[in-house]
Amino acid sequence: MSDLIRFGVSLDESLLERFDRLCLERGYKTRSEAIRDLIRESLVKSEWQDDGRHVAGTLTMVYDHHTGNLSQRLTAIQHDFHHYIITSLHVHLDHDNCLETLVLKGPAPALRSFADRIISTRGVKYGTLNLATTGQGMK
Ligand code: NI
């Protein structure tokens, strides 16, 4: 692990009070831990803006499998992007609704366009892309 560096941060008092409340609510023992996580979150977001970068993430969708030929359409899209899908989990939530989560890894632009195609498919009730990282270069 690389050396730990200390640095000072100047902050408006009321902003710091709000930050301390947030740290408490989220269970952080120290401000440093909270700040480290905020920095990592920003780094992951910036990885996803970098077209040449390989990233990881999950795509979750909820849909009614009775809707038209939705199941087949979603499967066809997934086959178009099969190189980027590491695994998938399908849960039958009730008689009608399915929840599916896909674990993705690949170039950020490809994963984004895949997620856009799935989420915008007619009949998908809810879809969200959760941005994560491959962990490489992240301490
Ligand atoms: Ni199902």
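Residue numbers run consecutively from 1 along every chain, following the written order of its sequence. Given that this is a predicted model, residues contribute local features only at a pLDDT of at least 70 and side-chain atom pairs are listed and counted only at 80 or more, while totals for whole chains, interfaces and linings are drawn from all residues. Computation of side-chain values: all heavy atoms of the structure, hydrogens and water removed.

Examining the domain arrangement of the protein
Here comes step 1: Under the domain assignment used here, the protein contains domain 1 (13-49) and domain 2 (54-132).
Here comes step 2: Distance between the C-alpha centres of domain 1 and domain 2: 30 Å.
Here comes step 3: Contact residues are listed per partner, giving four residues for domain 1 and nine residues for domain 2.
Here comes step 4: Buried surface area refers to the total accessible area, computed with a probe of radius 1.4 Å, that the two partners give up upon joining, counted for both partners together. Carbon and sulfur atoms supply 69% of the area that domain 1 and domain 2 bury against each other, a total of about 560 Å² over both sides.
Here comes step 5: The largest share of the area that domain 1 buries against domain 2 comes from Val 44, Glu 47 and Trp 48, three residues that together contribute 90% of it.
Here comes step 6: Whenever a carboxyl oxygen of Asp or Glu lies within 4 Å of a side-chain nitrogen of Lys or Arg, that contact is scored as a salt bridge. Where domain 1 touches domain 2, the interface holds zero salt bridges.
Here comes step 7: For the purposes of these results, a polar contact is taken to be a pair of N or O atoms within 3.5 Å, where, inside protein, one atom must be able to donate a hydrogen and its partner to accept one; residues adjacent in sequence count only when each atom of the pair is a side-chain atom. Viewed at the interface, domain 2 and domain 1 are joined by one residue pair in polar contact (both at pLDDT 80 or more).
Here comes step 8: Under this grouping Gly is polar, as are all residues other than the nonpolar Ala, Val, Leu, Ile, Met, Phe, Trp, Tyr, Cys and Pro and the charged Asp, Glu, Lys and Arg. Residues that form the side of domain 1 that touches domain 2 fall into these classes: two nonpolar, one polar and one charged. What counts as a domain boundary in this text is fixed by an automatic or database domain assignment. Two residues qualify as a contact provided that any one of their heavy atoms is within 4.5 Å of a heavy atom in the partner residue.

What about the pairing of strand E2 (residues 85-92)?
Here comes step 1: A pair of strands is treated as paired once DSSP finds two or more bridges between them. The helix and strand labels rest on DSSP assignments: H or I over at least four residues marks a helix, E over at least two residues marks a strand, and numbering proceeds from the N terminus. One ladder, built from seven bridges, connects E2 with strand E3 (residues 97-107); its direction is antiparallel. Considered in E3, the bridge of His 90 is made with Glu 100.
Here comes step 2: A loop of four residues connects E2 with E3, the two strands running antiparallel in sequence.

Some words on the environment of Val 103
Here comes step 1: As for its position among the elements, Val 103 is in strand E3.
Here comes step 2: Separated by 46 residues in sequence, Val 103 and Gly 57 have C-alpha atoms that sit 6.0 Å apart.
Here comes step 3: Sequence-distant contacts of Val 103, that is, excluding residues within four places in its chain, are made with Gly 57, Thr 58, Tyr 84, Ile 85, Ile 86 and Thr 87.

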